[in-house]
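Listed below, chain by chain, are the residues.
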Amino acid sequence: FGTDEIGRDLFVRTAQGGLYSLRIGFIAAVLATAVGTFLGAIAAYFAKGTDIFISQVINMVLIVPALIVLSIFSKYSGGNATSLAIVLSLLLWTRIARVVRGVVLSIKEQEYILAARAAGASHARIIFRHVLPNVVGPVVVEVTLLLGTVIVLESTLSFLGLGVQPPDASLGTLVADAKGNIDNDPIRVLTPGFFIVLIVLCVNFLGDGLRDALDPRSKNERG
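This one's a predicted model, so the numbers in the text were calculated from it and none came from an experiment. (Residues numbered from 1 in each chain as written. Predicted model: local features only at pLDDT ≥ 70, side-chain atom pairs only at ≥ 80, totals over all residues. Heavy atoms only, no water.)

Digging into the overall build of the protein
Part 1 of the argument: The number of helices and strands found in the protein is eleven helices and zero strands.
Part 2 of the argument: The N-to-C order of helical and strand elements in the protein reads α-α-α-α-α-α-α-α-α-α-α.
Part 3 of the argument: Dimensions of the protein, computed from the C-alpha atoms along their principal axes, are close to 70 × 40 × 20 Å.
Part 4 of the argument: A sequence separation of at least 24 residues applies to 70% of the contacts in the protein between residues at least 6 apart.
Part 5 of the argument: For the protein, the computed accessible surface area is about 11,900 Å², with 67% contributed by carbon and sulfur atoms.
Part 6 of the argument: Where the 18 positive side-chain charges of the protein centre and where its 16 negative ones centre are 10 Å apart. (Helix = DSSP H or I, 4+ residues; strand = E, 2+ residues; numbered from the N terminus. Contact = heavy atoms within 4.5 Å. Areas by Shrake-Rupley, 256 points an atom, 1.4 Å probe, with all protein chains shown as cover. Lys, Arg positive; Asp, Glu negative; His and termini not counted. Charge placed at Lys NZ, Arg CZ, Asp CG, Glu CD.)

Shown next, in the form of structure tokens:
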């Protein structure tokens, strides 16, 4: 890939930048999935006041201007990867919560759930043994989409100077560093941009494969 203006190997920096972007994406996606799955399942399973309260919390988080919050946060965090991932997860768990809530609402009155209740199974056992396994497929798909969203959002913030700060570098930082040379050295800009697109495509394909492998209904159909 050549070198930059001060002699740093661009191949190494692109590999490191991709690793940094993936680390932020994975941490944020895992945390957001855990929060969203738990709250979505609780809201749908217990319904009534619990559902109303969690739904209102979701609505409140959705109206928060994420870019403004992240801009303010980055000013005081110094571009720390873990802190940035935590803030992203707290802003992006709502979509997964809604997906899980919808799935749980559709299965909570199924015969096997009613049979478990009649047999005296606890709420925790029903949720973890019978409900959550049936949301694995949709959650896996959503978490891969979320991972791609986080990577693109983090790259955008870093490009604007609000994300990862030097000496660390993400793919968005590399694009920002090279934007002044786009006329005479476009490869420096296009290479990290290409890897952003490639990573997002790969995690989406991975999500499709995992959905087919983990969805209990798919296993039953194959059996």
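Picking up where we left off.
Some points on the side chain of S155
Part 1 of the argument: The residue S155 is located in helix α8 (residues 136-159) in this model.
Part 2 of the argument: Ignoring any residue separated from it by four or fewer positions in sequence, one finds S155 in contact with S21, L171, G172 and I196.

Description of a nonpolar patch on the surface
Part 1 of the argument: A cluster of nonpolar residues, F1, F11 and V12, forms a patch on the protein surface that exposes about 300 Å² of accessible area.
Part 2 of the argument: By the element assignment, F11 lies in helix α1 (residues 10-46). (Patch = residues over 30% accessible without salt bridge, like charges linked within 9 Å, V, L, I, M, F, W, Y side chains within 5 Å. Salt bridge = Lys/Arg side-chain N within 4 Å of Asp/Glu carboxyl O.)

A few points about the pattern of salt bridges
Part 1 of the argument: Counted by the stated rule, this structure contains two salt bridges.
Part 2 of the argument: In this structure, D51 engages R101 in a salt bridge whose closest nitrogen and oxygen atoms are separated by 2.8 Å. Of this pair, D51 sits in helix α2 (residues 48-62) while R101 is found in helix α5 (residues 94-107), placing the two residues 50 residues apart along the sequence.
Part 3 of the argument: When the shortest N-O distance is used, the salt bridge between R95 and E142 registers 2.8 Å. On the criterion of sequence distance, the pair formed by R95 in helix α5 and E142 in helix α8 is long-range, its members being 47 residues apart.

Some details on the packing of α1 against α8
Part 1 of the argument: At a minimum axis distance of 8 Å, the contact between α1 and α8 shows a crossing angle of 135°. Comparing their axes, α8 and α1 come out oblique. In terms of crossing hand, the pair formed by α1 and α8 is right-handed. Between α1 and α8, the contacting residues are S21, L22, I24, G25, F26, A28, A29, A32, T33 and T37 on the first element and V139, V143, L146, L147, V150, I151, E154 and S155 on the second.
Part 2 of the argument: Residues that form the contact of α1 with α8 fall into these classes: twelve nonpolar, five polar and one charged. (Axes fitted to C-alpha atoms, helices over the stretch in contact; angles between N-to-C directions. Parallel < 35°, antiparallel > 145°, perpendicular 65-115°, else oblique. Left-handed = near helix turned anticlockwise from the far one by under 90°. Nonpolar A, V, L, I, M, F, W, Y, C, P; charged D, E, K, R; others polar.)

Some words on the packing of aromatic side chains
When we look at a pair of aromatic rings, we describe it by the centre distance and by the angle of the planes.
Part 1 of the argument: Applying the stated criterion to the full structure yields two aromatic pairs.
Part 2 of the argument: Plain terms: the ring middles of Y45 and F46 are 5.1 Å apart, the flat faces sit at 85° to each other, and that makes the pair edge-to-face.
Part 3 of the argument: For Y45, a relative accessible area of 5% corresponds to the buried category.
Part 4 of the argument: On the accessibility criterion, F46 (35% relative accessible area) is partly exposed.
Part 5 of the argument: Summarising the aromatic geometry, the rings of F194 and F195 are spaced 5.6 Å apart at their centres and angled 75° between planes, so their arrangement reads as edge-to-face.
Part 6 of the argument: Of the residues examined, F195 reaches a relative accessible area of 27% and is grouped as partly exposed. (Phe/Tyr/Trp six-rings, centres within 6.5 Å; stacked < 30°, edge-to-face > 60°. Buried < 20%, exposed > 50% of the residue type's maximum accessible area, 1.4 Å probe, protein only.)

Concerning the packing of α2 against α5
For any two helices packed against each other, the geometry is given by the interaxial angle and the distance between the axes.
Part 1 of the argument: Close contact between α2 and α5 brings their axes to 10 Å; oriented N to C, the two are set at 150°. The orientation of α2 relative to α5 falls into the category roughly antiparallel. In this structure, α2 meets α5 at a crossing whose hand is left-handed. Together, D51, S55, I58, N59, V61 and L62 of α2 and T94, A97, R98 and R101 of α5 make up the contact between the two elements.

Details of the confidence of the model for the protein
Part 1 of the argument: For the protein, per-residue confidence averages 79 on the pLDDT scale, and residues scoring 70 or more make up 93% of the total.
Part 2 of the argument: Here helix α11 (residues 216-222) stands out as the element of the protein with the lowest mean pLDDT, 51, in contrast to α2, whose mean of 86 is the highest. (pLDDT = per-residue confidence, 0-100.)

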